[in-house]
Amino acid sequence: MTAQFSNFIAGESIRAARMLPNINPSNTHDVIGEFASGSAADVNNAVAAAKAAFPAWSRSNPQERHDILKRASDEVMARKDELGRILSREEGKTLAEGIGEATRAGQILAFFAGEALRLNGEVVNSIRPGVGIEITREALGVIGMITPWNFPIAIPAWKLAPALAYGNTVVIKPAELVPHSAWALCDILHRAGLPRGVLNLVMGKGSVVGQAIIDHGDVLAISFTGSVGTGRRIAASCVASTPMKKVQLEMGGKNPLVVLDDADLRIAVECAANGAFFSTGQRCTASSRLIVTEGIHDRFVAALTERMQALVVDDALKAGTHIGPVVDAKQLEVDEGYIALGRSEGAKLHWGGERLNRENPGFYLQPALFTECTNQMRLSREEVFGPVASVIRVKDYEEALAVANDTDFGLSSGICTTSLKHATHYRRNSEAGMVMVNLPTAGVDYHVPFGGRKGSSYGPREQGAYAREFYTTVKTAYTFAG
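Residues numbered from 1 in each chain as written. Predicted model: local features only at pLDDT ≥ 70, side-chain atom pairs only at ≥ 80, totals over all residues. Heavy atoms only, no water.

Q: Please clarify how the overall build of the chain should be interpreted in this entry.
A: Secondary structure summary: the chain contains 15 helices and 25 strands in total. Computed over C-alpha atoms, the radius of gyration of the chain comes to 23 Å, within 12% of the 23 Å expected from 2.2 N^0.38 for 482 residues, which places it in the range of a compact globule. Along the longest, intermediate and shortest principal axes, the C-alpha atoms of the chain span 75 × 65 × 40 Å. Sorting the 482 residues of the chain into buried and exposed places 58% on the buried side. Residue pairs in contact within the chain that sit at least 24 positions apart in sequence constitute 74% of those at least 6 positions apart. Counting only carbon and sulfur atoms, one obtains 52% of the accessible surface of the chain, whose full area is about 19100 Å². (Helix = DSSP H or I, 4+ residues; strand = E, 2+ residues; numbered from the N terminus. Rg over C-alpha atoms; globule rule 2.2 N^0.38 Å. Buried < 20%, exposed > 50% of the residue type's maximum accessible area, 1.4 Å probe, protein only. Contact = heavy atoms within 4.5 Å. Areas by Shrake-Rupley, 256 points an atom, 1.4 Å probe, with all protein chains shown as cover.)

If you want it as structure tokens, here you go:
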């Protein structure tokens, strides 16, 4: 019998009238389970529960919040192999990547357990005699969260952990394609001791559940990770709502990796292969534009091609797999559409880009490398969100920097060089929220801010101590002693 998974509302498992199957992209015959597809009524009940729970939770002892998050972290770390397998089975990233992501979720929970005890304020002198000023941070209220399918446990964790640590209550909707990881995380947090109504999980369609969360008048802030188009609509809706909602958006990237003539070729190739193709290229921080100077261009392309030919594309749970399947049939069609577009624009499909057959039916795609690209091609300007990379030949560092910055996005940016001069200049002048030197553009730490510029991000940063800028509001209080 297929396992069934319900929503969590007000501390209870709530069945939905409609259940949707969760399909393994490595083996489409494998149905992981049937998951609740919630309704606007479910969202209304979840928000009501969160609103009712907020007064007590926002004024709870920080030690209580610390202990709950720490217990949840301990369980995630103890079950990281199991949770990683759940993740890889439903999303398609390799088992090693899945376990790594589950580990990161545990680390995030532990970090914010500590942050619950570190939230502080300021006492400052007034310009008026006898007046004292106290500046404090307080929880916002009910937070709505909409999370994507590419990091199905890490992104829910890095949104939930600070929200709960700082005393907010939550209604979260995970991506419809990958509900199991978020369900497991919420189950762990509930059993760690969260009071009823503090955390509510409503699974289902974005057009139904997500929209109901965004539109609800008692939801005071929205944290969203997803596409630019959806993010813009959410921002407009939040500004137009009464009361206006605070909004935090992470929306993607078209990230450059610059390779200069003086780069260590081995390091450059590993940075490109990891950044562009691992996790099937389904990362907003992926290196989709490889900007390479003339002196190293041909050697770099040859070495990267050799590295790509050694990558094993297969079942995410199989030992020895480097790259798993694309997440679903729709995304596979998008990827293949961009490969066809690149060819029509005049780029050369240097290697890969073929649909693959494996032992079980799945959404397998050979990584694709295009050469002879320009930065004006749509292939070089639009986010593919798949294992597709464009090589853009440039004359020198100055042109490389200009091309790297010539994009509507600004999330992550990288450079491979042995020149301290160029590395230092690039770090300062790259128009991105995160800059990597001799490292892949994908891959960040959990205790420092995450986010970008331009069309990549809007609102306060996520992760680390900077998360408090979104999940708290500042109060300035004056007292006259008399």
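Q: Even after reading the chapter, I still don't get the side chain of Ser88, so can you show me in this structure?
A: Topologically, Ser88 is positioned in helix α3 (residues 80-91). Since its relative accessible area comes to 0%, Ser88 is described here as buried. Not counting residues within four places of it along the chain, the set of residues in contact with Ser88 comprises Lys93, Thr94, Leu95, Gly98, Ala316 and Leu317.

Q: In this structure, what is going on with a negative patch on the surface? I would like to understand it.
A: On the surface, Asp261, Asp262, Glu294 and Glu399 cluster together to form a negatively charged patch. By the secondary structure assignment, Glu399 is in helix α13 (residues 397-405). (Patch = residues over 30% accessible without salt bridge, like charges linked within 9 Å, V, L, I, M, F, W, Y side chains within 5 Å. Salt bridge = Lys/Arg side-chain N within 4 Å of Asp/Glu carboxyl O. Lys, Arg positive; Asp, Glu negative; His and termini not counted. Charge placed at Lys NZ, Arg CZ, Asp CG, Glu CD.)

Q: Help me out: how do you make sense of the packing of aromatic side chains in this one?
A: The geometry of an aromatic ring pair is captured by the separation of the ring centres together with the interplanar angle, meaning the angle of the planes. Tallying each qualifying case throughout the model produces nine aromatic pairs. Consider the rings of Phe112 and Tyr166, whose centres lie 6.5 Å apart with planes at 90°: the pair is edge-to-face. One end of the pair, Phe112, is in helix α4 (residues 95-118); the other, Tyr166, is in the loop between α5 (154-165) and β9 (169-173), with 54 residues separating them in the sequence. A single burial state applies to Phe112 and to Tyr166, both of which are buried. Aromatic pair Trp158 and Phe450: ring centres 5.3 Å apart, planes at 40°, arrangement tilted. Taken together, the residues Trp158 in helix α5 and Phe450 in the loop between β22 (434-437) and β23 (453-454) connect sequence positions 292 residues apart. Cluster of aromatic residues (ring-pair linked, three or more members): Phe5, Phe8, Phe35 and Trp183. (Phe/Tyr/Trp six-rings, centres within 6.5 Å; stacked < 30°, edge-to-face > 60°.)

Q: Teacher, can you tell me more about the nonpolar core here?
A: One broad rule of soluble globular proteins: the nonpolar side chains tend to lie buried together. Counting 66 residues, the largest nonpolar core has Phe112, Leu160 and Leu189 as its most contacted members. With nine residues, the single largest contributor to this core is α5. When near neighbours in sequence (up to four residues on either side) are disregarded, Phe112 contacts Leu69, Ala161, Pro162, Ala165, Tyr166, Gln463, Gly464 and Ala467. (Core = buried A, V, L, I, M, F, W, Y, C linked by side-chain atoms within 4.5 Å.)

Q: Explain the sheet that holds strand β4 (residues 18-24) to me, please; I cannot follow it from the model alone.
A: Strand pairing in a sheet is mediated by backbone hydrogen bonds. Such pairs are either parallel or antiparallel. Ordered by their spatial adjacency, three strands build an open sheet running β1-β5-β4, and the pairing between neighbours is mixed. Both outer strands of the open sheet, β1 (4-5) and β4, are each paired with one neighbouring strand and no more. With two bridges joining them, β1 and strand β5 (residues 27-37) adopt parallel strand pairing. Its bridge partner being in β5, Phe5 is matched across the sheet by Phe35. Taken strand by strand, α3 contacts β4 and β5, and its axis lies near 105° from that of β5. Sheet strands in contact with helix α6 (residues 179-191) are β1, β4 and β5, and its direction is about 50° off that of β5. (Pairing = 2+ DSSP bridges. Axes fitted to C-alpha atoms, helices over the stretch in contact; angles between N-to-C directions.)

Q: Please explain helix α9 (residues 265-277) as it appears in this structure.
A: Each α-helix turn comprises 3.6 residues. Residues three or four places apart therefore point the same way. Over its 13 residues, α9 extends 18 Å from the first C-alpha to the last, a length consistent with the 18 Å expected when each residue adds 1.5 Å. Those residues of α9 that sit buried are Ala268, Val269, Cys271, Ala272, Ala273, Gly275, Ala276 and Phe277. The elements touched by buried residues of α9 are β13 (255-259), β14 (287-293), α10 (294-309), β18 (368-371), β19 (388-394) and β21 (412-416). Between the side-chain oxygen at the start of α9 and the backbone nitrogen of Arg266 there is a gap of 3.0 Å, and the oxygen is on Asp264. Just downstream of α9 lies Ser279, where phi reads positive at about 55°. (Expected span 1.5 Å × (residues − 1). Polar contact = N/O pair within 3.5 Å; in protein donor to acceptor, adjacent residues only side chain to side chain.)

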